Amino acid sequence: MTAVAVGGLDSRVVGRERSLLRRLRYVGVPAVVAIACAAMYLYVQSQELDNIESRIINARVIRTAAFEQIEIALWATALTLVVAVPLGIALTRPWARRVTPIIIALANIGQGVPAIGLLFFIYIVLIRNGSTAAILGMAIYAVLPVLRGTMVGLQQVDRGVVKAARGMGMSKRSVLFRVEMPLAVPILLTGVRTALVLTVATAVLAAFIGGGTFGELIIGGQAQGRPLAVAVGSLGAATLAILADWIGGIAEDLLRPKGL
Amino acid sequence: MSTARAASEPMIRLDQLTKHYPGQEAPAVDGIDLAVPQGEIVILVGPSGCGKTTTLEMINRLIEPSSGRIFLEGEDVTHVNPDHLRRRMGYVIQQIGLFPHQTIAQNIATVPRMLGWDDKRVNDRVEELLHLVGLDPARYRDRYPKEMSGGQRQRVGVARAMAADPPVMLMDEPFGATDPITRERLQNEFLRIQEDIRKTIVFVTHDIDEAIKMGDRIVILAEGSRIAQYDTPEAILTNPASEFVEQFLGSGILLKRLNLSRVEDVHVATSEWMTIGPDSTAEHARQLLQQSGRTHLLLLDDQRRPARWIAEIDLDRQGGFPAELSEAGTRVQACVDSRATLNDALQEMLLNANGVAAVVDRDGAYAGTLDLETIIAAIREMRAKALDEASSTAARGVT
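Computed from a predicted structure; not experimentally measured.

Caption draft 1: Expanded view of the domain arrangement of chain A. Residues and elements named next belong to chain A. We note that the domain assignment places domain 1 (1-46) and domain 2 (53-255) within chain A. Between domain 1 and domain 2, the C-alpha centre-to-centre distance is 25 Å. With ten residues of domain 1 at the contact, the number on the domain 2 side is ten residues. Here the residues of the side of domain 1 that touches domain 2 sort into eight nonpolar, no polar and two charged.

Structure (structure tokens):
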């Protein structure tokens, strides 16, 4: 009994420290990003922009780029989830034991291929629409972390828990949805967060196939020798990636089942 | 339930039940026939790999038998929907397997919810079960499993298995993962509960001492789940059917037999030692002590629980100040429940200097004393009975 009480106290103390850290992260990350953006804004304001620069660096272009990038990333992540989560579930079922290594190998190749090559391939061979091709490419790219998160999440569920659930007469389906999936959520979400950050960050490549995004500022600035435009585009892309990670972190905290 | 059929038909009957895994030479379970009578605890015990867990898991068809049939209350359940079958059988395993993301109350409510009970009925049942296993509902119902100790979790596991009041419980080394002290406590508690609920229980263990303590009947299994002996613990200890059984029982059969008798079964002396209440004066205590002619007397506290052994010399030292009677003498160390086995009692006594154990009832109140002589007499009686039985079986054998 004493050991339990002490254990409880310990975990409560650790819990408090963790929630303090968490609160710091909740506020700290957006604060740092906001400061960086504000600094960049003030710096740009202080500069005399030439004709080309002011065409690239203006509110309308930046807003459009941001929306394009977010749009591509969200669609790509959604597509990834729709494919990778059910696939991950299927591959952890006993009847799929034979095909599992093959699919995992395929997913590994998907991520092993250079992203830019994948994008050009899809654009040239399959879809002649820049943003759609980018969405598909990003989705293929992000399948692996979600697939792996789903599978590892399900595999680490205590076998005793599953056995007890089956032994009490829960059907396979309700064991999956009421026991295994909730318990897999924390690891699954880590995979989703990785996928989200990955797609947001690599979405800049869509600019090469006319998909817009902050990549356009970077490529345009580079091509025309305007480093300021490159800097603005890079900061924009980085900001989105960091915020995506931040939101992913909050989602992990909120969606984690109580009691774990 | 009180029909003739229910009385004659065993609760569970296995008919030539076999499990043969593909690619394996020998079957894991080779045609076991077993009848489990209603309301009894039947223990499956045997060396590891003998197929006892496989046999258990075929009863609720977590493992589908290769051949043979399973009957529950006379009904052939070999091919019914396994999920529905399992809801009629409580299931407790060593890992417990509580759902970590659900509260204790939600965990216990699992099967009743599947059976579609309404909220009120479920809540009442959860409350009742938590009381039954000795956990205060107000304190524990909304906790998560990780906030409980191992012993508490195992109690919840038992409560969850009993939630929908199934006639049958299957238990696979339910107390195996707990420390010896907790295990003994859980075993005693479970026996107390079983006295009231009278479930039909199939219980797997590898520990012969646990089997002897918990079982109404014991099935000793050899490899392939072949039954080496199926009988009451007394009969098995008295007449091991084969060398295999003898080996499995191990040494110290006589000591093991002490696990069969409980303190309440032997003579508990109620007037051997004088007792006094906490309100008595030292003067009164001294008088009693002199009257009794014994070396000590026993001080009970206000709830009649044995508190201290007091000798005359302790009273002198107190100088007759009645208020300090509760500080006099030595604390009672050997204290056994009347339901403890003689083996437990013997151990307690050996720890105690004067070789006497105070016996307490369910509520911890003083019920009498037990000394070494009584236990030795009980052993002698057992041995005489065993020899008697052995010779009468031998006599039957010749005719």
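Moving on, there is more to tell.
Caption draft 2: Examining the confidence of the model for chain A more closely. All names here are of chain A. Taken residue by residue, chain A gives an average pLDDT of 85. The fraction at 70 or more is 93%. Taking the mean pLDDT of every element in chain A, the minimum, 72, falls on helix α1 (residues 2-46) and the maximum, 94, on helix α7 (residues 159-167). Predicted confidence for residues 1-11 stays below pLDDT 50, and this span has three contacts to residues more than four positions away or in other chains.

Caption draft 3: Structural view of the sheet that holds strand β5 (residues 75-76) of chain B. Residues and elements named next belong to chain B. One open sheet accounts for four strands, arranged β2-β1-β4-β5; its pairing is antiparallel. Edge positions in the open sheet fall to β2 (29-36) and β5, since each of these has one partner strand only. Taken together, the five bridges between strand β1 (residues 12-19) and β2 define a ladder with antiparallel strand orientation. Looking at the pairing, Arg13 lines up with Ala35 of β2.

Caption draft 4: Molecular detail of the packing of helix α8 (residues 150-162) of chain B against helix α9 (residues 180-197) of chain B. All names here are of chain B. The geometry of α8 relative to α9 is characterised by a closest axis approach of 10 Å and an angle of 25° between their N-to-C directions. Classified by the angle their axes make, α8 and α9 are roughly parallel. Our pair here, α8 against α9, has a crossing hand that is right-handed. Here α8 contributes Gly150, Gly151, Gln154 and Val158 to the contact with α9, which in turn contributes Thr182, Leu186 and Phe190. Residues belonging to the contact of α8 with α9 are distributed by class as follows: three nonpolar, four polar and no charged.

Caption draft 5: Representation of the nonpolar core in the model. Ranked by internal contacts, the top residues of the largest apolar core, which has 129 residues, are Met138 of chain A together with Ile43 and Val202 of chain B. No other element matches the 15 residues that helix α6 (residues 130-155) of chain A contributes to this core. With residues up to four places along the chain from it excluded, the contact list for Met138 of chain A reads Ile72, Ala73, Ala76, Thr199, Thr202 and Ala203 of chain A. Counting 33 residues, the second-largest nonpolar core is a separate cluster that includes Val263, Leu315, Leu346 and Val356 of chain B.

Caption draft 6: Just the packing of helix α3 (residues 59-92) of chain A against helix α10 (residues 227-255) of chain A, in detail. All names here are of chain A. It is at 11 Å that the axes of α3 and α10 come closest, and there the two elements cross at 40°. By the criterion of interaxial angle, the relationship of α3 to α10 is oblique. When you trace α3 past α10, the crossing you get is right-handed. Seen from α3, the contacting residues are Ile62, Ala65, Ala66, Gln69 and Ile70; seen from α10, they are Gly236, Ala237 and Leu240.

Caption draft 7: Highlighting the interface of chain A and chain B. Contacts between the two partners involve 20 residues from chain A and, on the opposite side, 23 residues from chain B. Breaking the side of chain A that touches chain B down by element, the ones donating at least two residues are α1, α7 and α8 (172-202) of chain A. It is α7 of chain A that provides the largest number of residues to the side of chain A that touches chain B, a total of six residues. Of the residues in the side of chain A that touches chain B, the class split is eleven nonpolar, six polar and three charged.

Conventions and cut-offs
- Residues numbered from 1 in each chain as written.
- Chains lettered and ligands numbered in written order.
- Predicted model: local features only at pLDDT ≥ 70, side-chain atom pairs only at ≥ 80, totals over all residues.
- Domains from an automatic or database assignment.
- Contact = placed C-beta atoms within 7 Å.
- Nonpolar A, V, L, I, M, F, W, Y, C, P; charged D, E, K, R; others polar.
- pLDDT = per-residue confidence, 0-100.
- Helix = DSSP H or I, 4+ residues; strand = E, 2+ residues; numbered from the N terminus.
- Pairing = 2+ DSSP bridges.
- Axes fitted to C-alpha atoms, helices over the stretch in contact; angles between N-to-C directions.
- Parallel < 35°, antiparallel > 145°, perpendicular 65-115°, else oblique.
- Left-handed = near helix turned anticlockwise from the far one by under 90°.
- Core = buried A, V, L, I, M, F, W, Y, C linked by C-beta atoms within 7 Å.
- Buried ≥ 20, exposed ≤ 12 C-beta atoms within 10 Å, placed from the backbone.

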